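Chain by chain, the residues run as shown.
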Amino acid sequence: MENQKNPDAAHLKKIVFNMKENIFKKLVFYPCAIFVILWSTCPFFWILLTSLKPASEIMQLPPIIPDTYIIDAYKNVLLRSNFPRYLLNSFMVSLSTVLITIPFSLLAAYGISRFSFRGKTFILFMIIILFTLPSISLVAALYKLFYTLGWINLPISLVCTYSAHNFPLAFFLLVKYIDKIPIEMDSAAIIDGCTRLQTLRYIITPLSLPGIISTSILIFIFCWNEFLFALTFTLDESTRMSSVGIALFEGTYEIPWGDIAAASVIVTLPLLVFLVFFQKYIVQGLTTGAVKE
Amino acid sequence: MRIRLEDITKRYRNTIAVSNLNLDIRSGEFLVVLGSSGSGKSTALNMIAGLETPTSGCILFDELMVNQIPPGKRDVALVFQNYALYPHMKVCDNISFPLRIRKEKDIHPKVVKTAEMLGLHDLLQKYPKELSGGERQRVALARALVRNPQVFLMDEPLSNLDARLRLSARGELKKLQRDRNITTVYVTHDQTEALTLGDRIAIMDKGCLQQIGTPNEIYQKPQNIFVANFIGTPPMNMINIEPCGDCSFVSGETTFEFPTPLPVKTNCVFGIRPEKLTIVPANTPSAIEGLIEYIEYSGHETINHVKIAPNTTWYVKDTVERIKVGDLIGLKFSSDDIHWFDPITQARIEF
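Residues numbered from 1 in each chain as written. Chains lettered and ligands numbered in written order. Predicted model: local features only at pLDDT ≥ 70, side-chain atom pairs only at ≥ 80, totals over all residues. Heavy atoms only, no water.

Summing up its helical and strand segments, chain B has eight helices and 21 strands in all. Counting only C-alpha atoms, chain B reaches 75 × 45 × 35 Å along its principal axes. Across the 351 residues in chain B, those meeting the buried criterion constitute 51%. Here chain B has roughly 16700 Å² of accessible surface; of this, 49% comes from carbon and sulfur atoms. Counting 41 positive and 41 negative side-chain charges, chain B places the averaged centre of each group 9 Å from the other. (Helix = DSSP H or I, 4+ residues; strand = E, 2+ residues; numbered from the N terminus. Buried < 20%, exposed > 50% of the residue type's maximum accessible area, 1.4 Å probe, protein only. Areas by Shrake-Rupley, 256 points an atom, 1.4 Å probe, with all protein chains shown as cover. Lys, Arg positive; Asp, Glu negative; His and termini not counted. Charge placed at Lys NZ, Arg CZ, Asp CG, Glu CD.)

Our focus in this paragraph is the overall build of chain A. Scanning chain A for helices and strands turns up 14 helices and zero strands. In chain A, the succession of α and β elements from N to C terminus is α-α-α-α-α-α-α-α-α-α-α-α-α-α. For a compact globule of 293 residues, the expected C-alpha radius of gyration is about 19 Å, and chain A comes in at 26 Å, more than 25% above that figure. Principal-axis analysis of the C-alpha atoms places the extent of chain A at approximately 75 × 65 × 35 Å. Counting only residues that meet the buried cut, chain A has 36% of its 293 residues in that class. Excluding contacts between residues fewer than 6 apart, the proportion of contacts in chain A whose partners are at least 24 apart in sequence is 74%. Carbon and sulfur atoms make up 71% of the accessible area of chain A, which totals about 18000 Å². (Rg over C-alpha atoms; globule rule 2.2 N^0.38 Å. Contact = heavy atoms within 4.5 Å.)

Where empty space is left becomes clear once a probe the size of a water molecule has been rolled over the atoms. In this structure, the largest pocket occupies an estimated 560 Å³ of space. A:Ile183, A:Ser187, B:Asn46, B:Leu51 and B:Glu52 are the residues nearest the centre of the largest pocket, which is lined by 23 residues in total. Elements with a contribution of two residues or more to the lining of the largest pocket: helix 9 (183-191) of chain A together with helix 1 (41-49) of chain B. The element best represented in the lining of the largest pocket is helix 9 of chain A, accounting for five residues. Here the residues of the lining of the largest pocket are counted per class, giving eight nonpolar, eight polar and seven charged. (1 Å grid on protein atoms, 1.4 Å probe; cavity = no way out; pocket = protein on both sides within 12 Å on 5 of 7 lines; lining within 4 Å. Points joined across faces, edges and corners; volume = space filled by probe spheres on them. Nonpolar A, V, L, I, M, F, W, Y, C, P; charged D, E, K, R; others polar.)

With that out of the way, let us pick up the domain arrangement of chain B. All names here are of chain B. In terms of domain boundaries, chain B breaks down into domain 1 (3-230) and domain 2 (237-349). The gap between the C-alpha centroids of domain 1 and domain 2 is 39 Å. Listed as interface residues are ten residues of domain 1 and, on the opposing side, ten residues of domain 2. Interface area, domain 1 with domain 2, both sides summed: about 870 Å², of which 56% is carbon and sulfur. Remark: the boundary between domain 1 and domain 2 carries zero salt bridges. Remark: the boundary between domain 1 and domain 2 carries five residue pairs in polar contact (both at pLDDT 80 or more). Contributions of two or more residues to the side of domain 1 that touches domain 2 are made by helix 7 (215-220) and helix 8 (225-230). (Domains from an automatic or database assignment. Buried area = accessible area lost by both parts, 1.4 Å probe. Salt bridge = Lys/Arg side-chain N within 4 Å of Asp/Glu carboxyl O. Polar contact = N/O pair within 3.5 Å; in protein donor to acceptor, adjacent residues only side chain to side chain.)

Scanning all chains against the criterion turns up 19 salt bridges over all chains. Between A:Arg240 and A:Glu237 there is a salt bridge; the shortest N-O distance is 3.5 Å. Judged by relative accessible area, which is 9%, A:Arg240 ranks as buried. A salt bridge links B:Lys324 to B:Asp327, with the nearest nitrogen and oxygen atoms 3.6 Å apart.

Our next topic: the interface of chain B and chain A. With 21 residues of chain B at the interface, the matching set in chain A holds 15 residues. Summing both partners gives a buried area of about 1500 Å² for chain B against chain A, and 72% of it is carried by carbon and sulfur. The largest share of the area that chain B buries against chain A comes from B:Tyr86, B:His88 and B:Ile101, three residues that together contribute 33% of it. On the surface where chain B and chain A come into contact, there are one salt bridge. Ionic pairing is found between B:Arg143 and A:Asp192, a salt bridge with its closest N-O pair at 3.7 Å. In this assembly, chain B and chain A are joined by seven residue pairs in polar contact (both at pLDDT 80 or more). The set of elements that each furnish at least two residues to the side of chain B that touches chain A consists of strand 6 (76-79) and helix 2 (91-101) of chain B.

Since the α-helix advances by 3.6 residues per turn, residues separated by three or four positions end up pointing in the same direction. The end-to-end C-alpha distance of helix 8 (residues 155-179) of chain A is 35 Å, a good match for the 36 Å that 25 residues give at a rise of 1.5 Å each. The sharpest bend along helix 8 of chain A comes to roughly 40°, located at A:Phe167, with the proline A:Pro168 sitting one to four residues further on. (Expected span 1.5 Å × (residues − 1). Bend = angle between axes of the 7 residues up to and from the residue.)

Residue and element names in this part refer to chain A. Residue position: Val-265 is located in helix 14 (residues 257-287). Taking the C-alpha atoms as reference, Val-265 lies 45 Å from Lys-120; in sequence the two are 145 residues apart. Every residue in contact with Val-265, bar those within four places of it in the chain, is listed here: Ile-47, Leu-48, Ser-51 and Tyr-74.

All names here are of chain B. Side chains of strand 6 alternate between two faces, with Val-76 and Leu-78 and Ala-77 and Val-79 buried alike. Looking at chain direction, strand 6 and strand 7 (residues 151-155) are connected through four bridges and run parallel. Counted as the bridge partner of Val-76 is Val-151 from strand 7. (Pairing = 2+ DSSP bridges.)

A cluster of nonpolar side chains, contributed by A:Phe115, A:Phe117, A:Phe122, A:Ile123, A:Phe125, A:Met126, A:Ile129, A:Leu130 and A:Leu133, occupies part of the molecular surface with about 800 Å² of accessible area. Structurally, the position occupied by A:Phe117 is in the loop between helix 5 (83-114) and helix 6 (120-132). (Patch = residues over 30% accessible without salt bridge, like charges linked within 9 Å, V, L, I, M, F, W, Y side chains within 5 Å.)

A separate point is the packing of helix 7 (residues 136-149) of chain A against helix 8 of chain A. Residue and element names in this part refer to chain A. Packing of helix 7 against helix 8 brings their axes to within 11 Å, and their N-to-C directions diverge by 140°. In terms of their interaxial angle, helix 7 and helix 8 are classed as oblique. In this structure, helix 7 crosses over helix 8, and the sense of that crossing is right-handed. Residues Leu-138, Leu-142 and Phe-146 of helix 7 form the contact with helix 8, whose own contacting residues are Ser-157, Cys-160, Thr-161 and His-165. Residue classes in the contact of helix 7 with helix 8 are distributed as four nonpolar, three polar and no charged. (Axes fitted to C-alpha atoms, helices over the stretch in contact; angles between N-to-C directions. Parallel < 35°, antiparallel > 145°, perpendicular 65-115°, else oblique. Left-handed = near helix turned anticlockwise from the far one by under 90°.)

Written out as structure tokens, the structure is:
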């Protein structure tokens, strides 16, 4: 009781510090955070509004908040265009890329994390180089390659490119994750009678599942957003990716901004759903290895 | 199963972890390998388990050389210091895992039987993170015992438990091993554990075996200065001496008297255990004089720090009423209790 009446100096200091922190939060942190959030989400809301406006109001400046909302643009995109087809293409290519990249990078990451062997540093170095190669430097060579193979306008060209391109990222994220699993787990499994592959299957994979999920989502998002390779390798209507589809939306006499906006919103939706469901894993994946645990 | 290590050496790039290790572990024996960290004791254990391959030498299980046999096929079980329970599996799945991997039949009754033996039947549906340290340790034991291994290996299995739990776990472990009569190799840095658990103790330092023997042999007849120093709390008191005359010797600047004629004629290392010294009044004939520097009282025993020469302080385990810091006292000992070592070879000198 007495302590509450006469808080000692340290306690007072703490209160003052907390107050200072509160003021800082109120006056600096929150306004900044709100500004940044608005700054980066504004374009998206603009697109959302555009997709719901009647065509006559779209180009009006300054932009106005419309009185009536219409969903004609969505109807156009989903029912009267090839866009659903593009979405399916994007989905299939992204999913295939994930399904190919994850097993390969998991095997590689396990090997690098657990064994020391001649040339290990060299291999790591080569993977880092792969990581830093800009896409644009590869486009011409890959086009030539796929042209020769007859893969132009086939989804396999994209799946191959994306798998190779995403391998370093997936590999490094998974190495970081597996490094955190104590080596005794492997020893215990091996003593219990597992082979190396069984250890990977029964022990390491389940234990690194959060890492695998977050890596998969990051790869999926990369493929879903990718534009350069998609534009170069798959221009055909039947294999076009949604990102390219939006850019090449055709109108009869003018650019159909409403339809483009609606398509952009539709393309974003699956990613938002992912974010909501797997938020925990994505944040984990991005910050893995950032702090010592 | 009898385990023999013949001239085992393990080298990592530039360091030698274990050098020329020879061990003969009898069937059903409880052997404790004792050493400080970096002594190569865990490496030796891992080689028996098969997690590491020796650079040279052979490991024999009975008459079979197992160097090339993978751990899963050696029929050994290993309990780790941090238990290494699989965090994503329930207790029952952890215990049954070695059986499932080996595709054995009748898994469930074996799991239940082992769990009951270790008092784990109520915990079978829990995850390791929901268990206390002692419970985890018992799950680790259950996972090791469930498949009736021929060899039981333990790498500091009790060091993550608190002191009270460790005492009871020690008793259970010893009983378990005796009931099952499994050859056991137990690695620890804790000499109390080693002395209480082991049928025999192997002491290692810097990759070399220093001495192997029963706890009594190790304590009473340490084969070299390292073992003498390592075993016993507080450690053995040791001084370098130079004989002068029949019944006295010099250490540094100080001359001491010896109760009987000195058995050694040359420079020696003189050692005596703290409990073999008795405190007597100062000026008692043939007693070593010293000054009480510090008294460490811990209930059942008292350890006195006694300064007998400018740079030499001895531990004396003796309870005497009415002495206090700063008192001048005498220390008496029997010449039979002295350990003599060669200062050059470090080896014990027997008479």
